[in-house]
Amino acid sequence: MRQAQDSIPDIDTWQKGLRAEGLATLHHIMPNLIMVNAQDAFPVNHQARDYDLHEIPSVARLIAHPAVAAMVVIREGDEVVLEYYRSGHRRGSVFSDQSATKSMGYILLNRAIAAGAISMEDPVESHVTGIGPGFAGRSIADVAAMAVNHNVAELAAYTGDESALAMFNRDERVIGLQRNDDRETLRQFIAAIEPGQGGSTEWAGGIANYATINTSVLGLALENATRRPLAAQVRELLHEVGAETSVYMGTDFDGVPVIGASLICATLDFARYGRLLIADKSQVEADLEASMTEGQVVPAELTHVESRYYKSAICNDFGIGHSGWGGQLIWADPRSETVIAINSTLASKLPAPFDHFKKLY
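What counts and what doesn't
Residues numbered from 1 in each chain as written. Predicted model: local features only at pLDDT ≥ 70, side-chain atom pairs only at ≥ 80, totals over all residues. Heavy atoms only, no water. Core = buried A, V, L, I, M, F, W, Y, C linked by side-chain atoms within 4.5 Å. Buried < 20%, exposed > 50% of the residue type's maximum accessible area, 1.4 Å probe, protein only. Contact = heavy atoms within 4.5 Å. Phe/Tyr/Trp six-rings, centres within 6.5 Å; stacked < 30°, edge-to-face > 60°. Helix = DSSP H or I, 4+ residues; strand = E, 2+ residues; numbered from the N terminus. Pairing = 2+ DSSP bridges.

Draft legend 1. The arrangement of the nonpolar core in detail. Core analysis: the biggest nonpolar cluster contains 115 residues, and Met104, Phe135, Ile213, Leu263, Tyr273 and Ile320 have the highest contact counts within it. When sequence neighbours within four positions are dropped, the list of residues in contact with Leu263 reads Phe95, Ser96, Asp97, Gln98, Thr101, Met104, Leu238, Val247, Tyr248, Met249, Phe270 and Tyr273.

Draft legend 2. Inspection of the packing of aromatic side chains at higher detail. This structure, assessed with the given rule, holds four aromatic pairs. Judged by centre distance (6.3 Å) and plane angle (10°), the rings of Phe270 and Tyr273 are stacked. Note that Phe270 and Tyr273 are positioned in helix H11 (residues 267-274) at a spacing of three residues, about one turn of the helix. The class for Tyr273 is buried, based on a relative accessible area of 1%.

Draft legend 3. Geometry of the environment of Ala347. On the secondary structure map, Ala347 appears in the loop between strand S12 (338-344) and helix H13 (354-360). The exposure class of Ala347 is exposed, given its relative accessible area of 58%. Note: C-alpha distance between Ala347 and Glu121 (226 residues apart in sequence) is 41 Å.

Draft legend 4. Representation of the pairing of strand S6 (residues 263-266). One ladder, built from three bridges, connects strand S4 (residues 94-96) with S6; its direction is antiparallel. By the bridge assignment, Phe95 is partnered in S6 with Cys265. Here two bridges tie strand S5 (residues 247-250) to S6, and the two strands are oriented antiparallel to one another. Residue Tyr248 lies in a different strand from S6, and its bridge partner there is Ile264.

Dropping the structure here:
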């Protein structure tokens with residue numbers, strides 16, 4: 001009985017040998033959550049299955065990979081051409097989508113721009129009161145492209161850099177992935193962030209300075225610019241997904257949604273969400289083109305092909321989307337109207353399993 005109890009993840013243990021289980025049970029672990037049961041489910045056609053897809057070597061390898069827990073491919077908006085689950089998971093099983101959630105920033109930012117509420121050139125401090133020196137002088141475009149030089153450096157944290165790891169752990173506490181006894185909020189954390197090496201917030205690196213806090217800042221900027229609570233915008237978007245099962249979004253202790261890392265849903269509903277990324281095809285195609293000159297190069301560890309980070313999404317020749325800590329992926333191609341959603345339950349030593357990301361791409 002003791003052994004069975006020890007195998008149940010909680011906020012203290014899920015990252016200590018129980019990551020695989022935790023990724024499928026975070027909605028029972030995170031301290032603060034929004035839950036949405038869509039009033040109207042978006043209908044999909046399960047009769048469109050294309051079993052020849054299973055014979056494509058790259059698809060067959062993914063399906064056979066022991067860490068890939070679920071994979072759904074939807075074409076033309078509603079045709080489910082591939083749906084696969086393993087290791088006891090099924091259509092109603094929910095997973096934490098981790099950083100794939102950052103793509104929500106892309107949808108909300110484009111909507112705010114279209115409404116005339118915000119501009120890519122706006123200084124971020126004009127929309128986020130009390131923001132700390134770590135973001136001073138940066139534009140909305142910089143924040144959304146991971147082009148800010150501050151002292152929250154996730155990739156450095158993965159290599160064991162002590163100062164980077166301390167800030168990374170603080171970020172995880174704020175967003176609900178570690179115990180937060182001080183109840184520190186996103187606004188409090190953002191105010192305490194300092195400029196990175198060199199003392200300037202201007203980013204001059206060759207690759208994006210990837211950090212979840214950038215997407216959190218973008219969310220707060222969108223809240224102020226649109227004069228609508230971010231929680232209301234997120235609820236509206238989750239209803240628009242039209243999920244069959246409950247969808248969850250983590251928040252901080254103030255109730256601010258963590259749009260950078262906390263979407264939790266079933267893989268089929270994750271694919272439903274993906275269709276919203278390409279709902280405006282002309283806008284996506286324009287963004288894909290603009291990303292090549294205005295975006296930041298995505299760290300090579302996170303993708304298999306050359307990609308750019310732009311407007312809170314990863315862009316390349318194959319479309320737009322985002323990968324997630326733990327081996328999650330949402331991808332959408334506006335030309336073929338194909339959406340790919342993959343959830344993994346990976347018990348890796350590093351939270352970001354770089355070799356697995358490359359396999360997914």
